[in-house]
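# An overview of the molecular structure
Below, each chain spelled out in residue letters.
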Protein chains: 2
Amino acid sequence: MKITAVIMAGGRGERFWPRSRNSRPKQFLSLTADGETMIQKTVRRISSLVEPEDVYISTNSDYIPLVREQLPEIPKENILAEPAPRNTAPCIAFAAAVIGRKYDDAVMMVLPSDHLIGLETIFADTLKKAVKTAEQGENLVTVGITPNYPETGYGYINFGKSCGDAYAVEKFVEKPDLPTAEKYLASGKYLWNSGMFIWKLSSIMNNIRRFMPDIYEGAVRIGEAYGTDEFDETLEREFTSFRSESVDFGIMEKAENIYTIPGSFGWDDVGSWLAVERINKTDGNKNYFEGEVVAENVRHATICGGKRLIAAVGVEDIVIVDSEDALLICSKNSAQDIKKIIARLKESGRNELI
Amino acid sequence: MKITAVIMAGGRGERFWPRSRNSRPKQFLSLTADGETMIQKTVRRISSLVEPEDVYISTNSDYIPLVREQLPEIPKENILAEPAPRNTAPCIAFAAAVIGRKYDDAVMMVLPSDHLIGLETIFADTLKKAVKTAEQGENLVTVGITPNYPETGYGYINFGKSCGDAYAVEKFVEKPDLPTAEKYLASGKYLWNSGMFIWKLSSIMNNIRRFMPDIYEGAVRIGEAYGTDEFDETLEREFTSFRSESVDFGIMEKAENIYTIPGSFGWDDVGSWLAVERINKTDGNKNYFEGEVVAENVRHATICGGKRLIAAVGVEDIVIVDSEDALLICSKNSAQDIKKIIARLKESGRNELI
């Protein structure tokens, strides 16, 4: 069966300010020394499984120029611009309806655009297993990440009995507190929820029809208008009327035949500047430096320089990020407060810096 | 008696990098919110005592354009460019010989160009007392600062019996260790050495002739050539042949009739970035911010921004200084290591940044 992919690239993250801006969120940035952006990496690492003409980018109209610039190999008509943010369920329904115009049925992989994967061959092999499981029935398959520490920032997947390469999902659970996360880890029955889904078009459409009939009908009308003069108008009308809903809550927690494929391939959701030292090579003092940096007595620092030299003296556990018009100096245990800075810039009308 | 002043402005300090550079050292920078440079302040605050045509600037040829730009009221011929750095004694001998061409005798004040003074009226009154003491004989007068804590970074003046407004100097002592500084403070017989000197031309020339006859003779030859076509050549030949010597060691520690006038006028030698919070108004979190700064949970920070916004989050006891081509982030207890950064820039040939 033909394999297609939908890359979800509509996010407007603030956690990589001042490099990320409303006009260029995380998925369009490079956070690694190789210079490749997150979305470029996402598309490249599935290139052995999916043809470029079967890769769809779900984003919003502001980011179409960035997608075309960074992914020139993707056909223009495969860039699906959502007229309004409505979370993942309407996004997936829209994409499935559009792909349904090209193929009667096909495997559809749904992938976040802003995660990082260290071991790409193992990742591709994991996806192949997921595709096989998806093809074998009306199965909804997620990739679960084998946890190696009790992370409290991710949702978890509780799995049960095995079935070939896959495991039946017992339930999805929200971000736990630390004792609960430690219990999950010790039990050996929990995986991290990576937000990657694999299913057949027919499987997901049947489930959308069952659990979200309103969204199903709107998506069908969008699919029917795709490629016609009415498309823009239909999309605007139908999509903006959708309620906001996640596929996790709207489908996965309710449907039957939910499976997970455990994967261990150096996955990182690169959730904040703190991740940069994990995903890059650090020096003997556990520093990660980018650009021209001169450091004296500096430890555990992430310094992302721009055009100017950065001299750091006697500092530790700090993140320093330079950009053309703004500079961030943040202690590592305050990374969550970057959003307060952005809120204050908004208040004071400095929108060009956001 | 006519009062003249020599402002010593040849220093090439590194302690205010990246704002100070070889091409623009501390005396030509503003370190206060009013925008006035250190040397401009120095000249302005003696303006009630000395006419502009009697103010001489001792510097080196690289800084002549800066002096003319920042002090347009000073006559061009009063800018004395030393051909080579030879410390304070040759500098003073050169200036005294030049001023001696204009006045048979006069009071000569010798003042650093890069100190800050809070209470300028009291400072002027202190100088007046020093002038009076200088006029009354062949006296060499220094201004001593009443110490308010046991500073270990300054030299001290041990004074004895009073004589009008002045006190006889018993001896000059080097920078003490902390227990010694505490002892000095408790004794009530020690002042900080401010490096400000007041004497008559005749007094200092007599003492130079006595303790440094070689420098005296060279200085006389420079004075004779001043205003003639031979001046540049004579200055180059005589001055470069001088040995390097401080006036403290060469004259003050050996001569008789040394007096000090105690002063308490908010003096600060502004020795490093750490001084900036002392000499400026800080906010409730003891922060000093310059330029556009947005701070969350920041304490005891000195942030001198440039053209770009600086966002600081969760940091304390830190100095952040932005400039066009270099940025400094330095913990307050590492300020002395800034010179290591400059040494490394030198090593790697980044001379445009020094």
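Take the environment of R15(B) next. Residues and elements named next belong to chain B. With respect to the element layout, R15 can be found in the loop between β1 (3-8) and α1 (38-44). Between the alpha carbons of R15 and K129 there is a distance of 33 Å; along the sequence they are 114 residues apart. Apart from residues lying up to four places away in sequence, R15 is in contact with G271, S272, W273 and I338. A distance of 3.1 Å separates the side chain of R15 from the backbone oxygen of G271, its partner in a polar contact.

In this section: unusual backbone geometry. With an omega dihedral of 5 degrees, the bond running from W17(A) to P18(A) counts as a cis peptide bond. Structurally, the position occupied by P18(A) is in the loop between β1 (3-8) and α1 (38-44). The phi torsion at H300(A) lies on the positive side, around 50 degrees, for a residue other than glycine. With respect to the secondary-structure elements, H300(A) resides in strand β14 (residues 299-304). Even without being glycine, N257(B) reaches a positive phi, approximately 55 degrees. As for its position among the elements, N257(B) is in the loop between α9 (247-252) and β10 (258-263).

In this section: helix α8 (residues 231-241) of chain A. Residue and element names in this part refer to chain A. Looking at α8, one finds that the buried residues are F231, T234, L235, E238 and F239. Projected down its long axis, α8 carries its buried residues within an arc of 105 degrees, all on one side. Away from its buried face, by an angle of more than 90 degrees, α8 presents the exposed residues D232, E233 and S241. Looking at the buried side of α8, the elements it contacts are β3 (79-82), α3 (88-99) and α7 (213-225).

A separate point is the packing of aromatic side chains. Residues and elements named next belong to chain A. Following the criterion strictly, the structure yields 30 aromatic pairs over all chains and no others. Taken together, the ring pairs connect F94, Y226, F231, F239 and F242 into an aromatic cluster. It is R45 that lies over the ring of F123; its NZ or CZ is 5.8 Å from the centre.

We now examine the pairing of strand β6 (residues 140-145) of chain A. Residue and element names in this part refer to chain A. Of all the 6 residues making up β6, 6 are buried; the element is thus mostly covered by neighbouring parts of the structure. Neither face of β6 is exposed, since L140, T142 and G144 on one face and V141, V143 and I145 on the opposite face are all buried. Of the strand pairs in this sheet, β6 and strand β9 (residues 190-200) are connected by 4 bridges, and their pairing is antiparallel. Residue pairing across strands places G144 opposite N193, the latter belonging to β9.

This brings us to the relation of the copies chain A and chain B. You can overlay chain A on chain B at an RMSD of 0.1 Å; the transform is a turn of 180 degrees with a shift of 0.0 Å along its axis. Interpreted geometrically, this transformation is the action of a two-fold axis. Looking at the rotation axis and the C-alpha trace of chain A, the residue lying nearest is I329(A), at 4.3 Å. In this assembly the copies share their binding face: 100% of the residues contributing to the interface of chain A also contribute to that of chain B.

Definitions and cut-offs
Every chain's residues receive numbers from 1 upward, in the order its sequence appears when written. For naming, the first written chain is A and the first written ligand is 1, with later ones following in the order written. The model is predicted, so local features are restricted to residues of pLDDT at least 70 and side-chain atom pairs to those at 80 or more, both for listing and for counting; the totals for chains, interfaces and linings are taken over all residues. The side-chain quantities take in all heavy atoms of the structure and omit both hydrogens and water. Segments assigned H or I by DSSP are reported as helices when at least four residues long, segments assigned E as strands when at least two residues long, and all are numbered from the N terminus. Contacts are residue-level and defined by heavy atoms, with any inter-residue pair within 4.5 Å sufficient. Counted as a polar contact is a pair of N or O atoms within 3.5 Å, where, for protein atoms, one must be capable of donating a hydrogen and the other of accepting one, and residues adjacent in sequence contribute only when both atoms are in side chains. Partly exposed residues are those whose accessible area sits between 20% and 50% of the maximum for their type, while under 20% is buried and over 50% is exposed, using a 1.4 Å probe and protein chains only. Of all possible arcs, the one meant is that of the directions from the helix axis to the C-beta atoms. Stacked, edge-to-face and tilted labels apply to pairs of Phe, Tyr and Trp rings (six-membered ring for Trp) whose centres lie within 6.5 Å, assigned for plane angles under 30 degrees, over 60, and everything in between, in that order. Ring-over charges, as used throughout, are those where CZ of Arg or NZ of Lys falls within 6 Å of the ring centre and within 35 degrees of the ring normal. When DSSP locates at least two bridges between a pair of strands, those strands are taken to pair. All copies are superposed by least squares; the fitting set is the C-alpha atoms of residues with a pLDDT of at least 70 in both.

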